[in-house]
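# Residue-level structural notes
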Amino acid sequence: MKRLALLLALALLLAPCCAHAETRLLALNVGKGDALIVQAGGATLLIDTGKASASERLLDALERLDIEYLDAVFITHTDKDHTGGLKALRKSDVTIGAIYASKYYPESSYKKHPAVKTAEKLGKEVTFLGAGDELHFGDAALRVLAPIDEIPDNEDDNSLVMLLDSPDGQMLLCGDMELAEEQMLLDSGADVKCDVLKVPNHGDSDACGAALIAACGARAALISTSSEDKPGTPDPGVMANLERAGTAVWVTQDYEAGILAVLDAGALRVEGLN
């Protein structure tokens, strides 16, 4: 009953309260992993699916939020803590409009890619994205900033990095980008300024350097991790750099359901769903 009440409260938080649709990012608590529900421009998007053992949490949230249709599912990279929920999602009653993934991935065979396997069973094809690609959902744009070039032997550094640009503000969604991809992104001159930063790679010490934090200028940073699953995250150095920059930091493990960030005509509200 407690969990049901929590998720019903979550649904009320996400329900539109007026004619203007806000831009929302819900980072679910799926342990050390990413499962982000984004609502922008009249569309509902899912960025990564968490690990297989947390798939029930993902499906519960979608059900309680009355989400029966996902305009798109994005797989930032093929690590299991980002793709593990795909099978359960495919077998659920949720309809998926389109599937997207990073254009660079380590699988020796195209058919082994978890997004490809899911798409084939749904009678769909995966659209692979790289820097310069852009998708539009109503008045919101999802701009792909990375990957720019393939970085061999490190799947994290081939993550999709996307900037959600809406009339309400900007959110930077970084997958598990580590320092090499991060430096390539900064060297490209891409505009990464944002209101909300989804911190890359679970706030580990090999990601989210001071230069990226300064370039983003984010008001809030969301870290999706579990110290129990991945000791050392969030890294104290990353936390200190964010705090020195004046960025409010929120960590999914601190809240039973996760973290909700809402942008409304420039105003920002962040709530831990506990």
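Preceding this paragraph is the structure being described.
Thresholds applied
Residues numbered from 1 in each chain as written. Predicted model: local features only at pLDDT ≥ 70, side-chain atom pairs only at ≥ 80, totals over all residues. Heavy atoms only, no water. Buried < 20%, exposed > 50% of the residue type's maximum accessible area, 1.4 Å probe, protein only. Helix = DSSP H or I, 4+ residues; strand = E, 2+ residues; numbered from the N terminus. Contact = heavy atoms within 4.5 Å. Pairing = 2+ DSSP bridges. Polar contact = N/O pair within 3.5 Å; in protein donor to acceptor, adjacent residues only side chain to side chain. Arc of directions from axis to C-beta. Core = buried A, V, L, I, M, F, W, Y, C linked by side-chain atoms within 4.5 Å. Axes fitted to C-alpha atoms, helices over the stretch in contact; angles between N-to-C directions. Patch = residues over 30% accessible without salt bridge, like charges linked within 9 Å, V, L, I, M, F, W, Y side chains within 5 Å. Areas by Shrake-Rupley, 256 points an atom, 1.4 Å probe, with all protein chains shown as cover. Salt bridge = Lys/Arg side-chain N within 4 Å of Asp/Glu carboxyl O. Lys, Arg positive; Asp, Glu negative; His and termini not counted. Charge placed at Lys NZ, Arg CZ, Asp CG, Glu CD.

## A word on helix 5 (residues 114-121)
For the α-helix, the turn length of 3.6 residues means that residues three or four positions removed from each other point alike. Listed in full, the buried residues belonging to helix 5 are P114, A115, V116, T118 and A119. Taken together, the buried residues of helix 5 touch strand 5 (72-75), helix 3 (80-83), helix 4 (86-91), strand 7 (99-102) and strand 8 (126-129).

## Focus: the pairing of strand 1 (residues 23-28)
Of all six residues making up strand 1, six are buried, and the element is well covered by its neighbours. Residues T23, L25 and A27 point to one face of strand 1 and R24, L26 and L28 to the other, with burial holding for every one of them. Pairing analysis gives six bridges linking strand 1 to strand 16 (residues 258-264), with the strands arranged antiparallel. Residue L25 lies in a different strand from strand 16, and its bridge partner there is A261. In this sheet, strand 2 (residues 36-40) lies alongside strand 1 in antiparallel orientation, the contact comprising four bridges. Looking at strand 2, one finds that L25 is bridged to V38.

## Some remarks on the environment of D229
With respect to the element layout, D229 can be found in the loop between strand 14 (220-223) and helix 8 (236-244). The spacing of D229 and M171 is 58 residues in sequence and 26 Å in space, taken between C-alpha atoms. If we ignore the near neighbours within four places in the chain, the residues touching D229 are G31, K32 and K51. In this structure the side chain of D229 is engaged in a polar contact, spanning 3.0 Å, whose partner is the backbone nitrogen of K32.

## So, helix 8
Every buried residue of helix 8 is listed here: V238, M239 and L242. The buried residues of helix 8 occupy an angular sector of 100° when the element is viewed end-on, so they sit on one face. Exposed side of helix 8, more than 90 degrees from the buried face: P236 and R244 are the residues found there. Elements in contact with the buried residues of helix 8: strand 13 (196-198), helix 7 (210-216), strand 14 and strand 15 (248-251). Of the residues flanking the end of helix 8, it is G246, one or two places downstream, whose phi is positive at about 80°.

## Focus: the nonpolar core
In this structure, L25, L45, F74, F137 and L142 are the most contacted members of the largest nonpolar core, which totals 30 residues. If you look at the next biggest cluster of nonpolar residues, it comprises 29 residues, including L26, A35, L46 and L65.

## Considering the sheet that holds strand 3 (residues 43-47)
Paired through backbone hydrogen bonds, the strands of a sheet run either parallel or antiparallel to each other. Reading across from one edge, 8-7-5-3-2-1-16-17 is the order of the eight strands in this open sheet, with mixed pairing throughout. A strand with exactly one partner marks an edge of an open sheet, and here the two such strands are strand 8 and strand 17 (267-273). Across this sheet, the average inter-strand angle for adjacent strands is 20°, counted without regard to direction. Relative to strand 3, strand 2 runs antiparallel, the two sharing five bridges. Following the sheet pairing, V38 is matched in strand 3 by L45.

## Focus on the environment of L65
If you trace the backbone, L65 turns up in the loop between helix 2 (55-64) and strand 4 (69-70). For the pair L65 and L86, spaced 21 residues apart in sequence, the C-alpha separation works out to 19 Å.

## Considerations on a negative patch on the surface
On the surface, E63, D66, E68 and D93 cluster together into a negatively charged patch. Tracing the chain through its elements places D93 in the loop between helix 4 and strand 6 (95-96).

## Brief notes about unusual backbone geometry
The peptide bond linking A146 to P147 adopts the cis configuration, its omega dihedral lying at 15°. When you line up the elements, P147 lands in the loop between strand 10 (140-146) and strand 11 (161-166). At the junction of T233 and P234, the peptide bond is cis and its omega measures out at -10° in the coordinates. Structurally, P234 is set in the loop between strand 14 and helix 8. Despite not being glycine, C208 shows a phi value in the positive range, around 60°. Residue classification places C208 among the buried positions, given a relative accessible area of 1%.

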